[in-house]
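Report on the structure
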Amino acid sequence: MNHTNQPELITADENSSGKKYLLPFILVISLFFLWGMAHNLDSILIPHLKKACNLNNRQSTLIDTSVFLAYFLMAIPAGMILKRFGYKASMITGLLVFAAGAFLFVPAANSLSYITFLIALFIIGCGLTILETSANPYAAVLGDPAKSTSRLNLAASFNGLAAMIAPLVGSLFILSGKSHTADELAAMTETTRSAYFMEEAASVKMPYIILGLVLVVIAVIFYFSRLPEVKTKSIDGEAKGTFFGALRHKHLRWAVVAQFFYVGAQVCVTSFFIRMAQQGGGFDEKTAAYYLAIYGFLFTAGRFAGTALLQFISSHKLLAIYSVIAVLLCCIAIFGNGAYVVYALGGLGFFMSIMFPTIFGLGIEGIGDDTKPGSSWLIMSIVGGAILPYGMGAMIDHYGDNIQIGYSIPLVCFLVILYFGLKGYKIAHK
């Protein structure tokens, strides 16, 4: 998932050649790919650790809660780190914190400790927050300022690439394809049952060790690379906006609400995708993971298609149209059966793709000096990804492990986004 901070106008040395920026930009692109891998591996971890740690649905969603709560708590500290130490040091810090969380998966698996897994994921989330806060504006500065949006979109496409690759990696190296009912587990001897749980937990170690090593190597490359010096400059001079004062803009308040529900909806859809494909679609675990990779492809394709459509349709109208379609697809997921349920989830990937940046752009439109604090509110609103999946898990457990009924949570989310696209986006003129 790509959460793009709205940076202040950043200017680089206009006399610098494009070659000077090539290696730094390639390094920054690698960060977009890596945090995309982290987020999309969570969709594999939820059903996997549910088995390995013998969890209910509500407990399994604490994986999302750990990561997205870190975003909420680290958003302001990450900005302070960036302001105090600069882009290069911030990106290296983010990589090393991310790596520390990945390596913590080893003792978590060895001890079969779910709380240790959650601590590891929280640390990963802290690293991701620092990375996203620094890498997005840095990508914007590496070259001609007039092409900054194009560079960000190019970098974000590698985030989408990770959404396709992570489920394949998870299917090959993490998911075993084995599952047992509660009755089957109860019939096992204590030794056999413990061996099954330990075997399931152990499969996460090698992928996360490799991920951690890659992160350390890239951090070292960053350290020894000569990254261009950049200077930050506000387009309107010194910003005078305040954190709470930004909320005086009604459309920004609605954007924060819409973003909360959007991120919650996206995480709900992906977190239960595999189990939904198993229960509603009748697929086995590994096949379900391959369909999750197709979902990632459709999400990426939707981003490009949506960008093209925005040349002809106003952003709030396209947001409203996509929201209506998303509501209909949720209805198919809830009430349908067989492969159509999984096709509906894939469709959700396509039609959710433009929602985050569109809500973001509409929310900060016309707020002047409040743009920077307004952006902070929109970034912090992704805490919806920590809260709503937990509610979805609780609903699923309440209705006897019925995954399909749980998708009524994303349905409500898309109705909120629909209201924002129809009414909430409007700027209140005094």
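So, about the confidence of the model for the protein chain. In this model, the protein chain carries an average pLDDT of 85, and 89% of its residues clear a pLDDT of 70 or more. A low-confidence stretch, residues 4–17 stays under pLDDT 50, and its non-local contacts, those more than four residues away or across chains, total 37 contacts. In the model, residues 232–239 has pLDDT below 50 throughout and makes 12 contacts with residues more than four positions away in sequence or in other chains.

Before going further, it helps to spend a moment on the pattern of salt bridges. Going through the model one piece at a time under the given rule, you end up with 5 salt bridges. A salt bridge links Lys51 to Glu285, with the nearest nitrogen and oxygen atoms 3.1 Å apart. Linking Lys51 in helix α1 (residues 18–52) with Glu285 in helix α12 (residues 285–309), this pair joins segments that are 234 residues apart in sequence. In this structure, the salt-bridge partner of Glu190 is Arg193, at a minimum N-O distance of 2.6 Å. Remark: Arg193 and Glu190 occur in helix α8 (residues 190–202); sequence separation between them is 3 residues, near one turn of the helix. On the basis of relative accessible area, Glu190 is assigned to the exposed category, the value being 51%. A single network of salt bridges, built from pairs that share partners, joins Lys51, Glu200 and Glu285.

Here we come to the nonpolar core. Counting 127 residues, the largest nonpolar core has Met91, Tyr208 and Phe414 as the members making the most contacts within it. Tallying contributions element by element places α1 first for this core, with 17 residues. Counting residues in hydrophobic clusters, the runner-up holds 5 residues, among them Ala70, Ala78, Cys126 and Ile130.

This part is about the packing of helix α17 (residues 384–398) against helix α19 (residues 408–424). A pair of packed helices is characterised by two quantities: the angle between their axes and the separation of those axes. Look at α17 against α19: their axes get within 9 Å of each other, and the N-to-C directions meet at 140°. If you check the angle between α17 and α19, you find them oblique. Packed against α17, whose contacting residues are Leu388, Met392 and Met395, the element α19 presents Ser408, Ile409, Pro410 and Cys413 at the interface. For the contact of α17 with α19, a count of residues per class yields 6 nonpolar, 1 polar and no charged.

Following the criterion strictly, the structure yields 15 aromatic pairs and no others. Relative to Trp35, the ring of Phe32 has its centre 4.5 Å away and its plane inclined at 35°; by these criteria the two rings are tilted. One end of the pair, Phe32, and the other, Trp35, are both in helix α1, 3 residues apart, so they sit about a helical turn from each other. Members of the aromatic cluster, each reached through a chain of ring pairs, are Phe105, Phe117 and Tyr208.

You can call Lys51 buried: its relative accessible area is 13%. A polar atom in the side chain of Lys51 sits 3.1 Å from the side chain of Glu285. Sequence-distant contacts of Lys51, that is, excluding residues within four places in its chain, are made with Ser176, Gly177, Lys178, Ser179, Tyr196, Phe197, Glu200 and Glu285.

In this section: the state of the cysteines. Using the criterion set out here, one finds 0 disulfides in the structure. Note on Cys331: no disulfide assigned, nearest cysteine sulfur contributed by Cys330 at a separation of 7.1 Å. By relative accessible area, which is 28% here, Cys331 ends up partly exposed.

Attention now moves to unusual backbone geometry. Even without being a glycine, Asn54 presents a positive backbone phi close to 55°. Considering the arrangement of structural elements, one finds Asn54 in the loop between α1 and α2 (57–60). Of note, the phi angle at Asp401 is positive, near 65°, even though the residue is not glycine. Examined against the element boundaries, Asp401 turns out to sit in the loop between α17 and α18 (403–406).

This part covers the environment of Cys330. Mapped onto the secondary structure, Cys330 falls in helix α13 (residues 315–335). Sequence separation of Cys330 and Leu411 is 81 residues, and the distance between their C-alpha atoms is 5.7 Å. Once residues lying within four places of it in the same chain are set aside, the contact partners of Cys330 are Leu348, Tyr407, Pro410, Leu411 and Phe414.

Scoring rules and cut-offs
- Residues numbered from 1 in each chain as written.
- Predicted model: local features only at pLDDT ≥ 70, side-chain atom pairs only at ≥ 80, totals over all residues.
- Heavy atoms only, no water.
- pLDDT = per-residue confidence, 0-100.
- Contact = heavy atoms within 4.5 Å.
- Salt bridge = Lys/Arg side-chain N within 4 Å of Asp/Glu carboxyl O.
- Helix = DSSP H or I, 4+ residues; strand = E, 2+ residues; numbered from the N terminus.
- Buried < 20%, exposed > 50% of the residue type's maximum accessible area, 1.4 Å probe, protein only.
- Core = buried A, V, L, I, M, F, W, Y, C linked by side-chain atoms within 4.5 Å.
- Axes fitted to C-alpha atoms, helices over the stretch in contact; angles between N-to-C directions.
- Parallel < 35°, antiparallel > 145°, perpendicular 65-115°, else oblique.
- Nonpolar A, V, L, I, M, F, W, Y, C, P; charged D, E, K, R; others polar.
- Phe/Tyr/Trp six-rings, centres within 6.5 Å; stacked < 30°, edge-to-face > 60°.
- Polar contact = N/O pair within 3.5 Å; in protein donor to acceptor, adjacent residues only side chain to side chain.
- Disulfide = S-S within 2.5 Å.

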